[in-house]
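Close look at the chain arrangement
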Amino acid sequence: MKVIGNQVAPRFEAPKEGERDLGAFAFSRRNEIQTDFDREGVVLFRGFKKLDASQFAEFARLFCEDLEFEYGDLENEETEAGVYRSTVYPETLPIHLHNEAACSPTVPLMLFFHCEQPPRKGGATRIVDSRRLLGALTEEERSRFEGMQARYIRNHYPHLDSSWQAIYGTGDPREAERRCLESGMEFDWVERDVLQTRFDRSIVSKHPGSGESVLTHQLFLFSPALLDRETHDALSARFDEDQ
């Protein structure tokens, strides 16, 4: 697992003998792990015993006490709040690089991934340090992005995108509207039971902990130009550009 340049993520291997419990291991070396994470932005653990949802949440809370992050885009693990199943997406298509939840008003400061079932082939999780990516741009490019905002428009069509009921955890349209207003999002009902939301976010932002400038966007996920041709043509035939 690599980031910008030739830097390799800090990696912790399970001991060949003795303790292979990730929670116990992480607790004993928590300060070292946190220091590596703050510096590199990513830490990899290999060879430890498989975790269930509760054990995974317990491990995550060693570094992030508050896992109560409402995120209707993913299926919540029924046995543990704050733990989600991976994105439902065709295996043959890539998920483009993005900052998690950057299209919404609230973004997570940390993400934890657990491989429950190794892939038959490929399956590597691509990770980019947004600080280093910003630093790798030319001064002209950085200056351009620093003054730019992205507008994210989502149309919650049933069976196509995540429903507004799942996103906001309610079947009451008035409650969904209240949540939009509370979070600073614009909204309209563009069709019966189809909620459109609009949210503006600066592409370059300051990390609330370190104060470093970071790229924060989901441009590659929202751009029609990056859809595969078959999907692009099918959606273009059904929807106008602003939909």
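For the structure, check the block above.
Just so you know, the residues in each chain are numbered from 1, in the order the chain's sequence is written. Given that this is a predicted model, residues contribute local features only at a pLDDT of at least 70 and side-chain atom pairs are listed and counted only at 80 or more, while totals for whole chains, interfaces and linings are drawn from all residues. Remark: hydrogens and water are excluded; side-chain values derive from all non-hydrogen atoms of the structure.

Describing the sheet that holds strand β4 (residues 186-191)
Pairs of strands are assigned from DSSP output, requiring at least two bridges between the strands. Each helix is a run of DSSP H or I of at least 4 residues and each strand a run of E of at least 2, with the numbering of both proceeding from the N terminus. Ordered by their spatial adjacency, three strands build an open sheet running β3-β5-β4, and the pairing between neighbours is antiparallel. Edge positions in the sheet fall to β3 (149-156) and β4, since each of these pairs with one other strand and no more. The mean angle between the axes of side-by-side strands here comes to 20 degrees, regardless of whether they run parallel or antiparallel. Across five bridges, the pairing between β4 and strand β5 (residues 194-202) is antiparallel. The residue bridging Glu186 from the neighbouring strand is Arg198, located in β5. Of the strands in this sheet, β4 and β5 touch helix α7 (residues 173-183), which is tilted by about 145 degrees from β4. For every element, the axis is a line fit to its C-alpha atoms; helices are fit only across the contacting stretch, and the angle between N-to-C directions ranges from 0 to 180 degrees. Any two residues whose heavy atoms approach within 4.5 Å at even a single point are treated as in contact.

Some words on the nonpolar core
We call a set of buried residues a nonpolar core when its members are Ala, Val, Leu, Ile, Met, Phe, Trp, Tyr or Cys and they connect through side-chain atoms within 4.5 Å of each other. Any residue under 20% of the maximum accessible area for its type is buried, any over 50% is exposed, and the rest in between are partly exposed; the area is computed with a 1.4 Å probe on protein chains only. Residues Ala26, Ile33, Phe59 and Phe63 are the most contacted members of the largest nonpolar core, which totals 18 residues. Of all the elements in the fold, those that place two or more residues in this core are α1 (22-28) and α3 (53-60). Per element, the largest residue contribution to this core is five residues, and it comes from α3. Setting aside chain neighbours within four positions, we find Ala26 in contact with Ile33, Phe59, Leu62 and Phe63.

Structural notes on the pattern of salt bridges
Criterion for a salt bridge: a side-chain nitrogen of Lys or Arg within 4 Å of a carboxyl oxygen of Asp or Glu. Going through the model one piece at a time under the given rule, you end up with 16 salt bridges. The partner of Arg11 in a salt bridge is Glu13, with the nearest N and O atoms 2.7 Å apart. Given a relative accessible area of 42%, Glu13 falls into the partly exposed group. One salt bridge connects Arg39 with Glu40, and the closest N-O pair in it is separated by 3.1 Å. When its relative accessible area of 44% is taken as the criterion, Arg39 is described as partly exposed. You can call Glu40 buried: its relative accessible area is 13%. Within this structure, Arg151, Glu186, Asp188, Arg198 and Asp200 form a network of salt bridges that share partners.

Examining the environment of Leu195
Within the element layout of this structure, Leu195 appears in strand β5. Placed 49 residues apart in sequence, Leu195 and Glu146 show a C-alpha to C-alpha distance of 30 Å. Excluding anything up to four places from it in sequence, Leu195 contacts Arg154, Asn155, His156, Trp164, Tyr168, Cys180, Phe187, Asp188 and Trp189.

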